[in-house]
Amino acid sequence: MLRSHTNGQLRIDDLGKEVTLSGWVQKTRDLGGMTFVDLRDRYGITQLAFNMDVDASLCEEARKLGREFVIQVRGKVIERSSKNPGMPTGEIEIDVDSLQVLNSSKTPPFTIEDQTDGGDELRMQYRYLDLRRNQPRKNLELRHKMSLEVRNYLDSANFLEVETPYLIKSTPEGARDFVVPSRMNPGEFYALPQSPQTFKQLLMVSGYDRYYQIVRCFRDEDLRADRQPEFTQIDCEMAFVEQEDVLRTFEGLIKHLFETVKGVGFDGDFPRITYDEAMEKYGSDKPDIRFGMEFNEMNQWAQNKGFRVFDDAEVVLGIVAPGCAEYSRKQLDKLTDWVKRPQIGAKGLVYVKCNEDGTFKSNVDKFFDQNELALWAKETHAEKGDLILVLSGQVDATRKQLNELRLHMGTALGLRNPEIFKPLWVVDFPLLEWDDETERFHAMHHPFTSPKPADVNGMEDDPGSVRANAYDLAINGVEVGGGSIRIHDRELQSRMFDLLGFSKEEARNQFGFLMDAFEYGAPPHGGIAFGFDRLCSLFGGQESIRDFIAFPKNNSGRDTMIDAPSPLDQEQLKDLGVQVQVSEE
Ligand code: ASP
C-alpha cells in the first residue's frame, strides 16, 4: 500500500507514530518559516507541516505543489499548536520528512471545495473532479448504505436477487422505449427495459416466490429535476400474496431504511388514503401530508350569488392559509400572478382575509356580504388571522392548480421541513385513465395490474369506474414507489388488452410469452418498485435525483462528460444495417 493510514484516520492518540499518507493537495499555505499542506482523500483531510528551519529544500518542494497534485508523504504524527476543532483530524498534523509527487495536475476548472466556484454545467463536464467534493461523495455514500440496507432487509425476508436482461422486447410503462439495433438480426431491434415487469412476473410463474433486484430502467421521456433517462429501481415481486401482504412487507422495508440509515422511527402504521380521497382533499395522488390545508368544496355557499366565475364553474375549491390575513395587497397580487402563470394556469385567485376584528375582506365582496363570508370561514374552519384562497373551474384542472397553490403556500409558510418524513400509502387507483388525445383508455399503472375483484364485472360496461389493486407510496409529496396485484389469469389479461385497444394480434405479438406462461400454473402474485434515486435524494434532503447518481445526464439527456449521445460512423451503421435520416425538425 502506498499509505499506512487514510487522511481521515489519525487522532491525538496516534501521536508519535511514523505514518505514510497519500492523497490530493487541497491547498498549501505558506507562513514564512512553515508551509502547511492540506492532504485530502475520500476519508478526510490531514494537515502536513513542513518546517523551513528543519529541511529547507523539502519545504521548497512543498511550496511548489499545485492544487490536486497527487503526493505521498512520510512523517511523524505531532500535536498541532493551533487546533481545529471543526476537523476530525484537527488536533494533529504530520511533521513530514519525505515527499514524493506521484502525479501532477492541471489547475482544475473549478475549486474542489464545498462552496465551489463551478456552475452546474462545468461540474457535469468534469464530473470526475466534482465527485472529489464532499457533497457528491456523501451522496454516493448514502446511496451505498441504502442499497446495502435494502439487501439486508430483503435477504432476511427470503427475497432472492435475480438479474433480468437489458436487451428485451418493449415493456409498456407509459414512456417511449430506448431501442438497440441487432447486428445479427438485421432490421430488428431490442428495447431497453422500462422496468423488469414481465420478467419478474415470469419468475413468479417459475416459483421464485420472492424476487427483488436493484436494477437500472430506461425510459425515453422528457426530463425534469427528478427524472433521468436511466434510473434505478428497487424492483420486487411476491407470489401467494394479497395487497395487504405487499404493503406490510414493503412498509417494513421503508421503516428499516429510515431506522438504519437515518435513525428515524415511526409510531404505528403508515397512514393510507384512497386515490379518490387524495384527489378530493389534496388534488394530488401523492399528497404532502407534512401539513394540513386540505381542500374545501365550496359550491354550496359560493354558487348562485351572482358571481359568474363561480356560477359557471364545475367546482369552487378553497384552502385556508393559516396566519396569512395580514398579506398585503402586493403579496396578494404576487400570489395571483403566480397562479396565473402558464405552468399553473388558473384564471384568477379569490381571497378572503379573516381579520382579527371579526370582519372579512375579500376581492369578491361585491358579490358576497359579511354574513356570507362568515359562513365560508365557518365551513372551511378558518380562524381569525387566516386567509382563504379560492380557485374555481373544471374539476381536474382546478384540483391540479389548487394542489400547486397548496404546496406553494406550504413552502412559503415553512411547513415542509425536509427533516420531517410523512409517508402515505395511496390505494385503490383507477384501473384505467382516459386520454383525450388518443381517445382511448390507457392503463393507469400498467396493463398487468389487476382490477379489484368486485369491479371486474364492470370492466366492459363502465371501464372508467373500475378500481385496481394498485398502490403508491408517497413521502413528503414525492412518489417513491408503486405497484399492484397482477392479473394471473390468461382470460382476464386478454380482456384487459382488449380494453386497452390492443388487437388480438398485437397482444399476441407483444405479450404472447406472458399469456402462454399464464397457462402453466401462474400463482397469484403482486409487487412493487421503488425509485431508488428518488429515495436517496429524499433521505439526503435534496430535490434533484441527479446529485445521487455518479454520472448523471443533463436535461437534454446528454452526458456532457463523455459527450453522448453521438453519431455513429458509416461503417458501424452499415454493420448494423441501419440508415440514418435526421428530420429537419
Ligand atoms: N413495474 C412497475 C413500475 O416500474 C412497478 C410495479 O408494478 O411493480 O412502475
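Calculation rules
- Residues numbered from 1 in each chain as written.
- Predicted model: local features only at pLDDT ≥ 70, side-chain atom pairs only at ≥ 80, totals over all residues.
- Heavy atoms only, no water.
- Disulfide = S-S within 2.5 Å.
- Buried < 20%, exposed > 50% of the residue type's maximum accessible area, 1.4 Å probe, protein only.
- Helix = DSSP H or I, 4+ residues; strand = E, 2+ residues; numbered from the N terminus.
- Pairing = 2+ DSSP bridges.
- Expected span 1.5 Å × (residues − 1).
- Bend = angle between axes of the 7 residues up to and from the residue.
- Contact = heavy atoms within 4.5 Å.
- Salt bridge = Lys/Arg side-chain N within 4 Å of Asp/Glu carboxyl O.
- Near = heavy atom within 4 Å.
- Polar contact = N/O pair within 3.5 Å; in protein donor to acceptor, adjacent residues only side chain to side chain.
- Areas by Shrake-Rupley, 256 points an atom, 1.4 Å probe, with all protein chains shown as cover.

(A) A look at the state of the cysteines. According to the stated counting rule, one finds zero disulfides in the structure shown. Looking at Cys 217, it has no disulfide partner, and the nearest cysteine sulfur is the one in Cys 236, 11 Å off. Cysteine Cys 536 is unpaired, with the sulfur of Cys 217 as its nearest cysteine sulfur at 14 Å.

(B) Representation of the pairing of strand E21 (residues 478-485). The element E21 is largely enclosed, with a buried count of six among its eight residues. Taken together, the six bridges between strand E20 (residues 470-475) and E21 define a ladder with antiparallel strand orientation. Bridging from a neighbouring strand, Asp 472 pairs with Gly 482 of E21. Taken together, E20 and the strand that follows it, E21, pair antiparallel across an intervening segment of two residues, in which Asn 476 is found at a positive phi of about 55°. Where E21 and strand E22 (residues 525-531) come together, five bridges link them in antiparallel fashion. Counterpart to Gly 481 in the pairing with E22 is Phe 530.

(C) The arrangement of helix H14 (residues 504-517) in detail. Its 14 residues place the ends of H14 only 17 Å apart at the C-alpha level, less than the 20 Å of an ideal helix rising 1.5 Å per residue. Helix geometry: H14 is bent most strongly at Phe 511, by close to 85°. All of the buried residues in H14 are Ala 507, Phe 511, Gly 512, Leu 514, Met 515 and Ala 517. Packed against the buried residues of H14 are helix H5 (197-205) and helix H13 (490-499).

(D) Summary view of the pattern of salt bridges. Counting across every chain of the model gives 41 salt bridges. Residues Glu 79 and Lys 83 are paired through a salt bridge, measuring 2.4 Å at the closest nitrogen-oxygen approach. Among the residues examined, Glu 79 registers a relative accessible area of 43% and is labelled partly exposed. Given a relative accessible area of 37%, Lys 83 falls into the partly exposed group. Taking the shortest distance from any N to any O, the salt bridge between Lys 361 and Asp 365 comes out at 3.4 Å. With relative accessibility at 40%, the residue Lys 361 sits in the partly exposed group.

(E) Representation of the site of the ligand within the structure. Within the structure, the ligand sits among 14 residues, and Gln 197, Lys 200, Gln 233, His 445 and Arg 486 are positioned closest to it. The separation between an oxygen atom of the ligand and a polar side-chain atom of His 445 is 2.8 Å. Against a free-state accessible area of 270 Å², the protein chains account for coverage of 92% of the ligand. Listing elements by their share of the shell around the ligand, those giving two or more residues are H5, E21 and E22. In terms of residues, the shell around the ligand owes the most to one element, E22, which gives three residues.

(F) A look at the pairing of strand E19 (residues 440-443). Taken together, the four bridges between strand E18 (residues 432-435) and E19 define a ladder with antiparallel strand orientation. Its bridge partner lying in E19, Trp 434 is registered against Phe 441.

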